Amino acid sequence: MNKFFSFFIVVLFSAALFADANTPENNTQTKKDTLGDKFYVQIEIGFGADFTGTPGRVSDDIEDYIDYDDPAPHLAYISDMMIKNQFGVTAGMDFNWRILQKTSGEGAGELYFGFGFDLQYWAPTGKVTDEYLKNYYYYKEDEKNKYLALHYLRVPVMLNISYDFKVNAGALRRVGPKFSAGINNNFFIPESDYNRDHESVKEDFEQFIDLIEFHQLSFSWSLGLNLVFSNRCFLAVSIGGDKGSEKIKHYLFKPDSGKILYNHHEFLMFETGYRF
């Protein structure tokens, strides 16, 4: 899994750089500046890496909210330690309008305001596995393929503000910061395989899965740096995150599942794309 995502991002960045290096205008000494549009649409694809791999869960503090006499919260605690969603892929689109332009001098560039949305999938990279089930439920050695994992989807809708500073560094024509803030739709889809004949396992897993909230909203933000090339391709790197309530009122799971908070998480995002 990790090798696939590493290969994916290398291919993305290499493609953008290769395309720009082979643009005919880059083979001449004079390059026409085709950037600075009054309006542009940007498509983007990329790769993300989550710092904790526990979106919406509070690993450090979860023990404070667990009733160990209830098996479902106990399994929730174990899942918070083991279930991970550390790597994801993203595709999205932005719509941006120029609200200020400085054509020359120090700080020359364009200020843009707009909005956009993304569709992201964060694959399970950790799960409650046979080893835990064997130790906790005293499974026999020959019982295999028992696990609990969580698929995680993000659909953020964001407002964007950015400034593109003019530069003349060969193919690189714009460099600038971008800040985004908005609302993220979080979708959590459990996946499991367990022995339905093992009553204690069946009861715990079914109770745990039934208590998972499929959809939650959270505040989302990101702060990044864009590098735009003369062929209108771009590379971007950003740090971002989701932030829910820090009080016991906004849950990933329902209140009677042990008060597991939907709190916050942060991640790095690497993207490439094209401005139309």
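Here the structure is a predicted model, which means the values were calculated and not measured.

**A closer look at the sheet that holds strand β2 (residues 87-102)**
Then, number 1: Strand order in the closed barrel formed by eight strands is β1-β2-β3-β4-β5-β6-β7-β8, with antiparallel pairing between adjacent strands. Across this sheet, the average inter-strand angle for adjacent strands is 25°, counted without regard to direction.

**Brief notes about the nonpolar core**
Then, number 1: Grouped together as the largest cluster of nonpolar side chains are 12 residues: Ile83, Trp122, Val128, Leu148, Leu150, Tyr152, Phe188, Tyr194, Phe205, Ile212, Phe267 and Met269.
Then, number 2: Elements represented by at least two residues in this core include exactly β4 (147-169) and β8 (264-275).
Then, number 3: No other element matches the three residues that β4 contributes to this core.

**Description of the packing of aromatic side chains**
Then, number 1: In total, this model carries 11 aromatic pairs according to the counting rule given.
Then, number 2: Taking the centre distance of 5.2 Å and the plane angle of 25° together, the rings of Phe95 and Phe115 count as stacked. Of the two residues, Phe95 is situated in strand β2 and Phe115 in strand β3 (residues 109-123); the sequence distance between them amounts to 20 residues.
Then, number 3: Residue classification places Phe95 among the partly exposed positions, given a relative accessible area of 21%.
Then, number 4: Classification of Phe115 as partly exposed rests on a relative accessible area of 36%.
Then, number 5: Seen in terms of ring centroids, Phe187 and Phe214 are 5.3 Å apart; in terms of plane orientation they differ by 55°. Their pairing is tilted. A residue pair is termed long-range when its members are at least 10 positions apart, and Phe187 in strand β5 (residues 172-193) and Phe214 in the loop between α4 (199-210) and β6 (215-229) qualify at 27 residues.

**Concerning a nonpolar patch on the surface**
Then, number 1: Together, Phe39, Phe51, Trp97, Ile99, Leu100, Phe113, Phe115, Leu159, Ile161, Phe179, Leu223 and Ile239 make up a nonpolar patch on the protein surface, roughly 1,100 Å² of accessible area in all.
Then, number 2: Those elements that provide at least two residues to the nonpolar patch are β2, β3 and β4.
Then, number 3: Along the chain, the position of Phe51 falls in the loop between β1 (39-50) and α2 (71-82).

**What about the pattern of salt bridges?**
Then, number 1: This structure, assessed with the given rule, holds five salt bridges.
Then, number 2: The shortest N-O distance in the salt bridge between Lys178 and Asp94 comes to 2.8 Å. With a gap of 84 residues between them, Lys178 in strand β5 and Asp94 in strand β2 connect regions that are remote in the sequence.
Then, number 3: On the basis of relative accessible area, Lys178 is assigned to the buried category, the value being 17%.
Then, number 4: Residues Asp242 and Arg154 are paired through a salt bridge, measuring 2.8 Å at the closest nitrogen-oxygen approach. Placement of Asp242 in strand β7 (residues 233-243) and of Arg154 in strand β4 is noted, with a sequence separation of 88 residues between them. Of the two residues, Asp242 and Arg154, both sit in the buried class.

**Some points on the environment of Leu35**
Then, number 1: With respect to the helices, strands and loops of the structure, Leu35 is situated in the loop between α1 (2-21) and β1.
Then, number 2: C-alpha separation for the pair Leu35 and Arg174, spaced 139 residues apart in sequence, amounts to 8.3 Å.
Then, number 3: Not counting residues within four places of it along the chain, the set of residues in contact with Leu35 comprises Arg173, Arg174, Val228, Phe229 and Arg232.

Here is what the cut-offs are and how they apply
- Residues numbered from 1 in each chain as written.
- Predicted model: local features only at pLDDT ≥ 70, side-chain atom pairs only at ≥ 80, totals over all residues.
- Heavy atoms only, no water.
- Pairing = 2+ DSSP bridges.
- Helix = DSSP H or I, 4+ residues; strand = E, 2+ residues; numbered from the N terminus.
- Axes fitted to C-alpha atoms, helices over the stretch in contact; angles between N-to-C directions.
- Core = buried A, V, L, I, M, F, W, Y, C linked by side-chain atoms within 4.5 Å.
- Buried < 20%, exposed > 50% of the residue type's maximum accessible area, 1.4 Å probe, protein only.
- Phe/Tyr/Trp six-rings, centres within 6.5 Å; stacked < 30°, edge-to-face > 60°.
- Patch = residues over 30% accessible without salt bridge, like charges linked within 9 Å, V, L, I, M, F, W, Y side chains within 5 Å.
- Areas by Shrake-Rupley, 256 points an atom, 1.4 Å probe, with all protein chains shown as cover.
- Salt bridge = Lys/Arg side-chain N within 4 Å of Asp/Glu carboxyl O.
- Contact = heavy atoms within 4.5 Å.

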